[in-house]
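The primary structure of each chain is shown beneath.
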Amino acid sequence: MISRRTILRSGAVAVTASLAAPSILHAQTKTLKITTWGGKWGDVMKATVLPAFEKEFKCTVQADQAFPFVPKLQASPRNDPLYDVLHTNSNEQWNCVVEGLVLDKITAKEVPNVADVYPYAVSDKIVGVSIFTSAIGLGFRTDKGLARPTSWKDLADPKLAGARGSYIIPVNSLGQCHLMMLGKIYGKGLQDLDAAYKALEQLKPIKLVDFTGQMEKMLLSGEVSMGVIHDSGVYRYEGENKQPVDFASPSEGVLALEQVLNVTPGSKVKELAFAYIDYMLRPDVQKLLAEAVWYSPSNKKVKLSAKYDEKLLTTEAKVATLIQPDWKWYNARKEDIDARVTKILRG
Amino acid sequence: MSAAPNRRPFDAGRAAYLALNGLLLTFLLAPIAIVLIFALNPTPYISFPPVGVSLRWFDKFFSSPEFMNALFLSLWVAGCVLVLSIVIGGACALARARGNLPGRASLTAFFMSPLMLPAILTGLALFQAYLLAGIGRPVWGLILAHTLVAVPYVIRTTLAVLHNFDRRIEEAAAVLGASPIRVFFEVTLPLIRPGVFAGGVFAFIVSFDQFPVSLFLVVPKGETLPVVLFNYMKFDLDGAIAAASMVSILLALSVVLVLEKLIGLKAYVKL
Amino acid sequence: MAAAASSRPTPIAWLLAPAGLLFVLFFVLPFGVMTAMSFYSGNPVNNPNATLTTRHYERFLFDSAGIFHDALWSTLRIGLITTIASLLIGYPLAHWMARMQSRLGHALVLMAVIAPMLTGIVVRTFAWMTILQDKGVVNTLLIQWGLIEKPLPLMYNEFGTVVALVHIYVPFMVLTLTGVIGRIDERLEQAARSLGAGRLRAFAEVTLPLSLPGILAGSLLVFALSISAYVTPSLMGGTDVLTLPMLIAQQVGTSFNPNFAGALGVILLLVSLVIVVAYNRILARLSGEQGLA
């Protein structure tokens, strides 16, 4: 006869066993916590790139899409960070490395494919590895009788008063790049803030937006005839519905908007994290993503289809036109710069 | 003006009144009309004037597992928040109105304070607190965070109803022999119900549309719809978010309509 | 059973407990943590080098950058304008809704009033961009009709921000007011009319004063909401508008300085609480004067 005690005891054993079982399984499949953008990039990642990675490396990937990422990483404990791999732009990576939230350098030792990337991707202006980049230049309307801009100074053309656009500098890195560029073309260099401020004053009236999506909308609706934007933001409208907008790379050079991956020092799955970065640098993965969102791949060995190859930065020569700002220098002064530009541009 | 009610065939005053309200309604509805136009416009970027009518964005929205999961999560969270905030907020309002507590003005201010703090700080503070407590970011944490910002609305509307409450009805019931508990459940609660539910409507909407608090408290694959839309929109500018918006509006309006039918917000008006 | 008026809390006061618990755990504690953080230079849990400091508060008080005090005034000013505008727009709608006889009509107007709240933050901004920008609907129509020659600057400034905020908050105002107005006995107005007062006068001298508690309650709600808004002003205001919540959001999201953000939050909350408590005192006194239980 089965007593109640027996049932209870065997029940307890069964429950304990079933509770332990998932943890046994869990110990075998590691979890990699990453961040990723949304939109088309996120779609491709979730549909193709991440599942393939999970299968090959027998792990689970948790991809956080809720931007902003750095405040969350900041608040999480150092020895158990919220992310193993942080994907963000260069300026934010620099903010992170200063606080010890990400690694300093990633070399070919940890990530073999680093040996195949263009120099800019692991230059001293980068912490981590840049897997893609875009060029920040001038987007313009082709149907407003404007000549194709050849210089950054074309943005200051008096005819464009009230019809040019840029970004709210405190919150947008393209705006910050533009400010530094103003220092270069009107002054002594990227760090000549005085010249930059003067030039900014001359650009008024100018329409300022928060993020590139709004700039795209302004260009497409004709609200502005010329604006600071990255090439991918204009080229993505190629194809089915050709719009009268085009992208111009000014002769003084284009600024780099890099997509940078880095690993957190406290990560418990560093091997896997490095493997992920290596995976993202594989030519086939690079080609897939580059052609989905019009980013220029960092791996020299990537061969893009003709229409992408034509417009993106896929040769040593083209890549050499990229200017990488000193984010460490800028971030240290960001608070002062923010206050100053707010005063200049307000009303 | 004559003392008798106007029987003139054309009532200029009333016409002006209706015209004014019509204009105000137009102001409220114009952006929504624009969103509908975007949602039906086939071109893959948001433009005006529209070039045609197409359901492709609705199709994209409904066939995207990410959007659908987010939609259901938002609905589920909002539903939980609705129930929780009604119970907690209603109770709090009753206590504040009837409990003879000291410092009533300060109490009201205290319970309204989540509304005055930028939600990004609330979200960040809760995120840090959750991490410190070691509980991670569970869904119930998200629900309770939403409840925090929704409860003030319920308290507000319930207090308003309790304010003008004719207590003689309760006294009459007591005189007729009902015990205090019975008076509470059979007289008081039904009479304040419309106020509580009006606050509940607010709570549902506030939770469903909540963005900054959710931003820090959602986890991968467990994001609410506003978060998903915001992040989608930073990188892709097409009509899918307009379609998502229209669906949200229609769904939430249905919920409100159902609530209205059940308890009749008009009863709240006529209390 | 007549209850003697006492100054001790009645048992029903215990109903405060769930709300109290929720607020203590999810508001007071986290906010306390944040306030504590605002006195540190870094995150003391993660960063052993974080020291106690009042420099965040000093930074705001001395405002050497020249933008912080302006941000506070902008916040309060935009809050006030938004509240008044919401009231002016919301009152007629609330009045119409409250006095409407048809159940269907009432439901339709209710849905129309609530719909703006549900549009979603980002989509709403794009809709306003389409309406208010230089090539937007309003300007295009006005130019077509020959009323203006150059487009009016309706967006990326305080005007656009207030319009968008009012649009979101009018529903809150309407729903708060409609209950109060609905409860005003129509016979009071009719009595005034039968005594010879015109419609407008009956309204101004009967209905309006009686709806004052609703006006104050709705205004308080909208004011509280609009001084904490940051997403809409960020997207609608360009650089013309910098409010304290926007500054806080920038500090959290792009300057990665949660300590300073926390200090700003404390300051904003303190200022708001002062205003709210004052508001409530007025409300209590006015309601008391009218002898409502």
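Parameters and conventions
Residues numbered from 1 in each chain as written. Chains lettered and ligands numbered in written order. Predicted model: local features only at pLDDT ≥ 70, side-chain atom pairs only at ≥ 80, totals over all residues. Helix = DSSP H or I, 4+ residues; strand = E, 2+ residues; numbered from the N terminus. Buried ≥ 20, exposed ≤ 12 C-beta atoms within 10 Å, placed from the backbone. Contact = placed C-beta atoms within 7 Å. Domains from an automatic or database assignment. Nonpolar A, V, L, I, M, F, W, Y, C, P; charged D, E, K, R; others polar. Core = buried A, V, L, I, M, F, W, Y, C linked by C-beta atoms within 7 Å. Expected span 1.5 Å × (residues − 1). pLDDT = per-residue confidence, 0-100. Axes fitted to C-alpha atoms, helices over the stretch in contact; angles between N-to-C directions. Parallel < 35°, antiparallel > 145°, perpendicular 65-115°, else oblique. Left-handed = near helix turned anticlockwise from the far one by under 90°. Pairing = 2+ DSSP bridges. Right-handed = clockwise from strand over helix to strand, strands pointing away.

Regarding the overall build of chain C
Thinking step 1. Along its length, chain C carries 13 helices and zero strands.
Thinking step 2. Going from the N terminus to the C terminus, chain C shows its helices and strands as α-α-α-α-α-α-α-α-α-α-α-α-α.
Thinking step 3. When each of the 293 residues of chain C is scored for burial, the buried share is 51%.
Thinking step 4. Within chain C, contacts between residues separated by at least 24 positions form 70% of all contacts whose residues are at least 6 apart in sequence.

Section: the overall build of chain B
Thinking step 1. Along chain B, the regular secondary structure elements total twelve helices and zero strands.
Thinking step 2. When its helices and strands are written in sequence order, chain B yields α-α-α-α-α-α-α-α-α-α-α-α.
Thinking step 3. In terms of its C-alpha atoms, chain B occupies a principal-axis envelope of roughly 70 × 70 × 30 Å.
Thinking step 4. Each of the 271 residues in chain B was classed as buried or not, and the buried ones make up 50%.

Remarks on the domain arrangement of chain C
Residues and elements named next belong to chain C.
Thinking step 1. Under the domain assignment used here, chain C contains domain 1 (15-53) and domain 2 (64-289).
Thinking step 2. In this structure, domain 1 and domain 2 have C-alpha centres spaced 31 Å apart.
Thinking step 3. When grouped by side-chain class, the residues that make up the side of domain 1 that touches domain 2 number three nonpolar, four polar and no charged.

Here's the deal with the nonpolar core
Thinking step 1. In terms of nonpolar packing, the biggest core is built from 285 residues, with Val 85, Val 129 and Ile 277 of chain A, Cys 92 and Ile 205 of chain B together with Ala 224 and Ile 248 of chain C touching the most fellow members.
Thinking step 2. Broken down by element, this core gets its largest block of residues, 17 residues, from helix α3 (residues 65-98) of chain B.

Some points on helix α13 (residues 327-345) of chain A
Residues and elements named next belong to chain A.
Thinking step 1. The end-to-end C-alpha distance of α13 is 22 Å, clearly below the 27 Å that 19 residues give at a rise of 1.5 Å each.
Thinking step 2. All buried positions along α13 are accounted for by Trp 327, Tyr 330, Ile 337, Asp 338, Arg 340, Val 341, Thr 342 and Leu 345.
Thinking step 3. Considering only its buried residues, α13 is in contact with α4 (90-98), α5 (173-186), α6 (193-202) and β6 (207-209).

Some thoughts on the domain arrangement of chain B
Thinking step 1. Each assigned domain of chain B is listed here: domain 1 (11-54) and domain 2 (60-269).
Thinking step 2. Of note, the centres of domain 1 of chain B and domain 2 of chain B, computed from C-alpha atoms alone, are 28 Å apart.

Digging into the environment of Leu 251 of chain B
Thinking step 1. With respect to the element layout, Leu 251 of chain B can be found in helix α11 (residues 240-263).
Thinking step 2. When the C-alpha atoms of Leu 251 of chain B and Leu 75 of chain B are compared, they prove to be 9.0 Å apart, with 176 residues separating the residues in sequence.

Some words on the interface of chain C and chain A
Thinking step 1. Taken together, the 24 residues of chain C in the interface contact 26 residues of chain A.
Thinking step 2. Elements supplying a minimum of two residues to the side of chain C that touches chain A: α5 (121-132), α11 (231-236) and α12 (244-253) of chain C.
Thinking step 3. Across the side of chain C that touches chain A, the residue classes break down as ten nonpolar, eleven polar and three charged.

Let's talk about the confidence of the model for chain B
Thinking step 1. Predicted confidence across chain B gives a mean pLDDT of 82, with 90% of residues reaching 70 or more.
Thinking step 2. Per-residue pLDDT, averaged within each element of chain B, yields its smallest value for helix α12 (residues 265-269) of chain B (49) and its largest for α3 of chain B (90).

Re the interface of chain C and chain B
Thinking step 1. Of the residues lining the interface, 89 residues belong to chain C; the matching set on chain B comes to 86 residues.
Thinking step 2. Within the residue set of the side of chain C that touches chain B, elements represented by two or more residues are α1 (16-37), α3 (68-99), α4 (103-114), α5, α7 (158-183), α10 (212-226), α12 and α13 (258-289) of chain C.
Thinking step 3. Its residues assigned to classes, the side of chain C that touches chain B shows 65 nonpolar, 18 polar and six charged.

A closer look at the confidence of the model for chain C
Thinking step 1. Looking at chain C, the pLDDT average stands at 83 and 95% of residues meet or exceed 70.
Thinking step 2. Predicted confidence for residues 1-5 of chain C stays below pLDDT 50, and this span has one contact to residues more than four positions away or in other chains.

Notes on the packing of α3 of chain C against α4 of chain C
Residue and element names in this part refer to chain C.
Thinking step 1. One way to put it is that α3 packs onto α4 with a least axis distance of 9 Å and a crossing angle of 155°. As the angle between them shows, α3 and α4 are arranged roughly antiparallel. For the pair α3 and α4, the sense of crossing is left-handed. In this structure, α3 uses Leu 93, Trp 96 and Met 97 to contact α4, whose residues at the interface are His 106, Val 109, Leu 110 and Val 113.
Thinking step 2. Its residues placed into classes, the contact of α3 with α4 shows six nonpolar, one polar and no charged.

Focus: the environment of Phe 57 of chain A
All names here are of chain A.
Thinking step 1. Within the fold, Phe 57 resides in helix α2 (residues 39-57).
Thinking step 2. Along the primary structure Phe 57 and Pro 265 are separated by 208 residues, whereas in three dimensions their C-alpha atoms are 21 Å apart.
Thinking step 3. Excluding anything up to four places from it in sequence, Phe 57 contacts Leu 272 and Ala 275.

Here's the deal with the pairing of strand β2 (residues 59-64) of chain A
Residue and element names in this part refer to chain A.
Thinking step 1. In the sheet, strand β1 (residues 30-35) pairs with β2 via six bridges, with the strands oriented parallel. Among the inter-strand pairings, Ile 34 is bridged to a residue of β2, identified as Ala 63.
Thinking step 2. Taken together, β1, α2 and β2 constitute a β-α-β crossover, and its handedness is right-handed.

What about the packing of α3 of chain B against helix α8 (residues 180-208) of chain B?
All names here are of chain B.
Thinking step 1. α8 packs onto α3 with a crossing angle of 145° between their chain directions and a minimal axis gap of 8 Å. When you trace α3 past α8, the crossing you get is right-handed. Listed contacts from α8 to Ser 74, Val 77, Ala 78, Val 81, Leu 82, Ser 85, Ile 86, Gly 89 and Gly 90 of α3 are Val 196, Gly 199, Gly 200, Ala 203, Phe 204, Ser 207 and Phe 208.
Thinking step 2. A per-class count over the contact of α3 with α8 returns nine nonpolar, seven polar and no charged.

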